[in-house]
Amino acid sequence: MAQMTATREAPSYLAVTLLTYFMFFMFAMTTESIGEVIKLAKAEMGLTNIQASALHWSTMSAIALSGIFLGFVADKFGRKYTVMGGLLLYGLASGLFLFQSTFLAYVVLLFCTGIAIGLFKTAALALIGDITTSADHHTKKMNMVEGFFGVGAIFGPLLVVLFNEQGLRWNYLYALAAFMCFAMILAAAMTQYPTSNQSTDSIDLRRSFKYLGNRYAMGFSFACAMYVGCEVAIFVWLPSFLEGYTGSPFAMKFAAYAVMIFFVLRALGRFLGVWLLNHFDWKLVMLGFSLLIFVCFLASAVFGQSVALYSLPLTGLFMSMIYPTLNSKGISCFPKSEHGSVAGVILFFTAASAAIAPLMMAYAADLLGGGNLRVGFSLATLFAAALMIMAIYNFIYNPAGETLTAADD
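Anyway, here's the lowdown on the structure attached to this text. (Residues numbered from 1 in each chain as written. Predicted model: local features only at pLDDT ≥ 70, side-chain atom pairs only at ≥ 80, totals over all residues. Heavy atoms only, no water.)

Of all 11 residues in helix α17 (residues 322–332), 11 are buried; the element is thus mostly enclosed. Listed as buried for α17 are Ile322, Tyr323, Pro324, Thr325, Leu326, Asn327, Ser328, Lys329, Gly330, Ile331 and Ser332. (Buried < 20%, exposed > 50% of the residue type's maximum accessible area, 1.4 Å probe, protein only. Helix = DSSP H or I, 4+ residues; strand = E, 2+ residues; numbered from the N terminus.)

Encoded structure:
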């Protein structure tokens, strides 16, 4: 009987892993569709670039606030209950999209989904630490998780396009997300999660703010912020940047699916990233990819639509392993009992960048370029340059090397 009880209560690592994968797939399906949603919403409600960007920054600012103020919840109350609570809030807010049709209502609901993402994503990131055995294992698992995120990022924009072609509103995407949330809540309720080690320190908001003075947390957070500034530039503003493009039939067809191609390449690259990390040092791969990203952004800023049409979607392949690897290495610099709080801090800077960078691009385009987003992408090129410089520094000096080795021990 004792053996049966122990077996029944043993954590199901496969079930937990699959739930984490599908959770990332689900929220990528909605958040990464925002470029297509903005394009439709601008026409539907007559919005400017700056106004339409609120549909993006409302979610991202909420994720940032949730990450920094609620990141400790996963460490204090456990991964399972934090995941279920976040999914419940996300499902309720997403379901309400079917009953709303005003710009303000959309902004409020998107803000609520951002709070929910901050909750369940920090718990999921901490959970990855619970089910991995080393910093390298953590990085590879993070790349797999982000691979499923990449697949969701393809699926979401495709659904928006198909809904629009069938005369359905984009709101149905959120109805599908709500259904998926409630299915995952039921699955999580029936799954035994692993028990994380508890810290002897008090687990509260003060601990999250403590990491703001830590050089590893800040260094990896800033690198993540620069990367995200490049990534969101593409899926938020590339559809608007290429709108009105004229060229060969092939080029125009390519332009219509440019963001989807970007997401396809990014998803393929994420799975490729796991292979690369098995054969090459992560610092070398980071350096090479960041250099290629900078070249692609610089080409789009210099030559405009005709080159950006191809160079910006191509960055998806090079972006593949950068964010999950930076996130993983930053979290792995700390004990597992602190992973939720650290993940929340990194998520704060990630989401803040995702909220601010597109808004800065919109202001640059509207105020300096007369609405031309080529000016906005010139600004994004500076984000790519900063990421490249940090990758060069990391490759030469390896500032976190000793700490990551100690974490493995």
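So, about the pattern of salt bridges. The final tally for this structure, using the stated rule, is 7 salt bridges. Arginine 79 is the partner of aspartate 130 in a salt bridge, and the nearest nitrogen-oxygen pair spans 2.8 Å. Of this pair, aspartate 130 sits in helix α8 (residues 103–130) while arginine 79 sits in helix α7 (residues 79–95), placing them 51 residues apart in sequence. For arginine 79, a relative accessible area of 4% corresponds to the buried category. Of the charged contacts, one joins aspartate 281 and lysine 283 as a salt bridge, the two residues approaching to 2.9 Å between their closest N and O atoms. A relative accessible area of 37% means that aspartate 281 is categorised as partly exposed. Note on lysine 283: relative accessible area 12%, which makes it buried. (Salt bridge = Lys/Arg side-chain N within 4 Å of Asp/Glu carboxyl O.)

Take the packing of helix α2 (residues 13–31) against helix α10 (residues 172–189) next. Between α2 and α10, the shortest axis-to-axis distance is 10 Å and the interhelical angle comes to 165 degrees. The angle between α2 and α10 places the two elements in the roughly antiparallel class. Seen from above, α2 lies across α10 with left-handed handedness. Packed against α2, whose contacting residues are Leu19, Phe22, Met23, Phe25, Met26, Met29 and Thr30, the element α10 presents Leu173, Tyr174, Leu176, Ala177, Met180, Cys181, Met184, Ala187 and Ala188 at the interface. Classifying every residue of the contact of α2 with α10 gives 15 nonpolar, 1 polar and no charged. (Axes fitted to C-alpha atoms, helices over the stretch in contact; angles between N-to-C directions. Parallel < 35°, antiparallel > 145°, perpendicular 65-115°, else oblique. Left-handed = near helix turned anticlockwise from the far one by under 90°. Contact = heavy atoms within 4.5 Å. Nonpolar A, V, L, I, M, F, W, Y, C, P; charged D, E, K, R; others polar.)

Following the sequence through the fold, alanine 384 ends up in helix α19 (residues 373–397). The exposure class assigned to alanine 384 is buried, which follows from its relative accessible area of 1%. In sequence terms alanine 384 and tyrosine 227 are 157 residues apart; their C-alpha atoms lie 7.0 Å from each other. Setting aside residues no more than four positions away along its own chain, alanine 384 makes contact with Cys230, Ile293, Phe294 and Phe297.

Per the stated rule, a full pass over the model turns up 23 aromatic pairs. On the basis of an interplanar angle of 65 degrees and a centroid distance of 5.7 Å, the ring pair of phenylalanine 27 and phenylalanine 120 is categorised as edge-to-face. With phenylalanine 27 in helix α2 and phenylalanine 120 in helix α8, this residue pair connects regions lying 93 residues apart in the sequence. For the residue pair phenylalanine 27 and phenylalanine 120, the accessibility class agrees, reading buried in each case. (Phe/Tyr/Trp six-rings, centres within 6.5 Å; stacked < 30°, edge-to-face > 60°.)

Once that is clear, we can look at unusual backbone geometry. Even without glycine at this site, asparagine 398 takes up a positive phi of about 45 degrees. Since its relative accessible area comes to 29%, asparagine 398 is described here as partly exposed.

On to the side chain of threonine 30, then. Among the secondary structure elements, threonine 30 is positioned in helix α2. On the accessibility criterion, threonine 30 (1% relative accessible area) is buried. Here the side chain of threonine 30 touches tyrosine 90 through a polar contact of 2.3 Å, side chain to side chain. Excluding anything up to four places from it in sequence, threonine 30 contacts Tyr90, Leu173, Tyr174 and Ala177. (Polar contact = N/O pair within 3.5 Å; in protein donor to acceptor, adjacent residues only side chain to side chain.)

Moving on to a nonpolar patch on the surface. On the surface, Leu272, Trp275, Phe280, Leu284, Ile392, Tyr393, Phe395, Ile396 and Tyr397 cluster together to form a nonpolar patch covering roughly 920 Å² of accessible area. Listing elements by their share of the nonpolar patch, those giving two or more residues are α14 (258–279) and α19. Tallying contributions element by element places α19 first for the nonpolar patch, with 5 residues. With respect to the secondary-structure elements, phenylalanine 395 resides in helix α19. Taking the relative accessible area as the measure of exposure, phenylalanine 395 reaches 37% and is therefore partly exposed. (Patch = residues over 30% accessible without salt bridge, like charges linked within 9 Å, V, L, I, M, F, W, Y side chains within 5 Å. Areas by Shrake-Rupley, 256 points an atom, 1.4 Å probe, with all protein chains shown as cover.)

Of note, methionine 226 is situated in helix α12 (residues 215–241). Here methionine 226 falls in the buried class, since its relative accessible area comes to 14%. Contact partners of methionine 226, with chain neighbours within four places excluded, come to Phe383, Ala386 and Leu387.

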